[in-house]
Amino acid sequence: MFSRITKPQTANAFSHLIKNFSTTNTACRRVAVMGASGGIGQPLSLLLKNSPLVTQLSLYDIVHTPGVAADLSHINSPAKVTGYVGPDQLADSLKGAEVVVIPAGVPRKPGMTRDDLFNTNASIVANLAKACAETCPSAMICIISNPVNSTVPIATEVYKKVGADPIRIFGVTTLDIVRANMFVAELKGLDPTTVNIPVIGGHAGITIIPLISQATPAVEFPPDQLKALTERIQDAGTEVVKAKAGAGSATLSMAFAGARFAFSMIRALNGEEGVVECAYIRSNVTEATYFSTPLVLGPNGMAKNLGLGKLSAYESGLVEGAIAELKGSIKKGEAFVANNM
Ligand SMILES: NC(=O)c1ccc[n+]([C@@H]2O[C@H](COP(=O)([O-])OP(=O)(O)OC[C@H]3O[C@@H](n4cnc5c(N)ncnc54)[C@H](O)[C@@H]3O)[C@@H](O)[C@H]2O)c1
Ligand SMILES: O=C(O)C[C@H](O)C(=O)O
């Protein structure tokens, strides 16, 4: 399917996947998926298994991983798949992992905010982060579990408690970029695989800040359309939650986005230069101590934070408006670890 594409692609979601499905790379790359039996975990594991960039795929969950692993292991691609189930097998699932992707935890139902997931998901992420800090402290940790604005500070505090360096912990916001690219492409009649919109801030409501002024290719919208587009990107997760009507939140598009982020990580680990992804990390770019901006990825994680770039007045206002909520979510995550771990 991908071999038919011959024209050069610019940096965007689809070209990341094309590269990763078509590049032959001999480096051994061990990836662990925590929450691998879930709505995101299964299609994400399928995309990872389908990539020659992955040589070992470790699937951990509290249920069903033997079946998921047996199923995926029959696909004739290089990755060796192993399933691990339950806390007794948690440490083994992480041994030697270089990239760990974490979609473990409960999803939203209609009427809930991402923060409503905090009480359940905080301890799930904290326990998985503790296992990562103890077993694979140098691995790249890619956190999908919501609320991302709090779960990333949680993982970071756990690493500090264990005495591990939290520098390689990333909150995965790639789905916001994927959505922004698609929605802009639809509005402007562009090929969605050639659009790239940085989305900065966090991953909830008003903290999701698409930078349409920095779009590639350049696009312009009248103020009312720009506001509506921005709000659609901010509310896109809720759009899916409503459409699924109680059956969960985005899973397939998140698997696509999570695979894109993991492949970018692996390409950077393999020494490829110029790999850029937005991610929610510890940051001094704004007053919020965690903030997503475009990052140049390298073999040790973030090689360079590209910062905010030039913002329009509208975008500067969105950044200002997001800081208080981000600070609150960060504080909540940090307090959870201080009081419970
Ligand atoms: N960052 C994003 O952009 C983004 C996008 C979509 C969903 N999410 C979040 O991802 C999470 C997962 O969503 P989903 O739709 O896959 O949910 P799901 O319920 O379908 O799957 C979650 C999986 O996690 C497993 N799990 C629960 N506790 C665990 C533990 N302690 N260790 C390992 N695995 C455990 C469950 O058994 C289940 O298989 C949710 O928190 C959701 O809000 C984030
Ligand atoms: O909206 C959700 O709860 C899931 C996820 O964060 C999303 O943006 O789709």
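What you see is a predicted model, and the numbers here were worked out from it, not measured in a lab.

A. Representation of the overall build of the protein within the structure. Per the secondary structure count, the protein includes 11 helices and 11 strands. Expected size for 341 residues packed as a compact globule is a radius of gyration near 20 Å; at 19 Å, the protein falls within 12% of this value. For the protein, the C-alpha atoms occupy an extent of roughly 55 × 55 × 40 Å along the three principal directions. Split into buried and exposed, the 341 residues of the protein put 52% on the buried side. Counting only contacts in the protein whose residues sit at least 6 apart along the sequence, the fraction spanning at least 24 positions is 68%.

B. Inspection of the site of ligand 2 at higher detail. Surveying the vicinity of ligand 2 reveals the residues Pro107, Arg108, Arg114, Asn146, Leu175, His203, Gly237, Thr238, Val240, Val241, Ser249 and Ala250. The dominant element in the shell around ligand 2, judged by the number of residues it contributes, is helix H9 (residues 236–244), at four residues. Grouping the amino acids of the shell around ligand 2 by side-chain chemistry returns five nonpolar, five polar and two charged. Counting the residues that make up the shell around ligand 2, at least three belong to each of domain 1 (2–173) and domain 2 (174–249 + 274–329).

C. Region of the structure containing the UniProt feature "domain: Lactate/malate dehydrogenase N-terminal" (unreviewed entry) in the protein. The feature "domain: Lactate/malate dehydrogenase N-terminal" (unreviewed entry), as given by UniProt, occupies residues 30–170 in the numbering adopted here. Helix makes up 40% of residues 30–170 and strand 19%, whereas the separation of the span's terminal C-alpha atoms amounts to 17 Å.

D. Layout of the pairing of strand S10 (residues 290–298). Burial analysis of S10 places seven of its nine residues in the buried class, which makes it a mostly covered element. Of the pairings in the sheet, the one linking strand S9 (residues 275–282) to S10 comprises eight bridges and is antiparallel in character. Looking at the pairing, Ile281 lines up with Phe291 of S10. Here S10 runs beside strand S11 (residues 301–305); their pairing, made up of four bridges, is antiparallel. Following the sheet pairing, Leu297 is matched in S11 by Met302. Where S10 folds back onto S11 in an antiparallel hairpin, the turn is made up of two residues.

E. Spatial organisation of the UniProt feature "binding site: substrate" (unreviewed entry) in the protein. The UniProt feature table records "binding site: substrate" (unreviewed entry) at Arg108, Arg114, Asn146 and Arg179. Here Asn146 shows up in the loop between strand S5 (140–143) and helix H6 (148–162). Under the C-beta neighbour-count criterion, Asn146 is labelled buried, with 27 such atoms within 10 Å. Excluding residues that lie within four positions of it along the chain, Asn146 makes contacts with Gly105, Arg114, Leu117, Asn121 and Thr151. In this fold, Arg179 is placed in helix H7 (residues 174–188). Judged by the 25 C-beta atoms lying within 10 Å of it, Arg179 is buried. Discounting chain neighbours no more than four positions away, the residues touching Arg179 are Ile233 and Ala236.

F. Representation of helix H2 (residues 41–49) within the structure. Within H2 the residues assigned to the buried category are Gly41, Gln42, Leu44, Ser45, Leu48 and Lys49. Take H2 and look down its axis: the buried residues cluster within an arc of 165°, on one side only. Looking at the packing, one finds that the buried side of H2 touches strand S1 (30–34), strand S2 (56–61), helix H3 (65–73), strand S3 (80–85), strand S4 (99–102) and helix H10 (252–269).

G. Here's a closer look at the domain arrangement of the protein. Segmentation of the protein into domains returns domain 1 (2–173) and domain 2 (174–249 + 274–329). Contact residues are listed per partner, giving 28 residues for domain 1 and 31 residues for domain 2.

H. Layout of the pairing of S1. Among the five residues that make up S1, five are buried, leaving the element largely enclosed by the rest of the structure. Of the two faces of S1, both are covered, the one formed by Arg30, Ala32 and Met34 as well as the one formed by Val31 and Val33. Examined bridge by bridge, S1 and S2 share five bridges and lie parallel to one another. Across the sheet, Ala32 pairs through a bridge with Ser58, a residue of S2. As paired elements, S1 and S4 share three bridges and run parallel to each other. Looking across to S4, one finds that Val31 is bridged to Val99.

I. Region of the structure containing the site of ligand 1. Taken together, 33 residues surround ligand 1, and among them Gly35, Gly38, Gly39, Ala104 and Asn146 come closest. Among the elements of the structure, S2 and helix H5 (118–135) are those that each provide at least two residues to the shell around ligand 1. Looking at the shell around ligand 1, the element that brings in the most residues is H5, giving three residues. For the shell around ligand 1, the per-class residue count stands at 18 nonpolar, 13 polar and two charged.

So, how was this worked out
Residues numbered from 1 in each chain as written. Chains lettered and ligands numbered in written order. Predicted model: local features only at pLDDT ≥ 70, side-chain atom pairs only at ≥ 80, totals over all residues. Helix = DSSP H or I, 4+ residues; strand = E, 2+ residues; numbered from the N terminus. Rg over C-alpha atoms; globule rule 2.2 N^0.38 Å. Buried ≥ 20, exposed ≤ 12 C-beta atoms within 10 Å, placed from the backbone. Contact = placed C-beta atoms within 7 Å. Near = placed C-beta within 6 Å. Nonpolar A, V, L, I, M, F, W, Y, C, P; charged D, E, K, R; others polar. Domains from an automatic or database assignment. UniProt positions renumbered as here; feature names shortened; annotations may be inferred. Pairing = 2+ DSSP bridges. Arc of directions from axis to C-beta.

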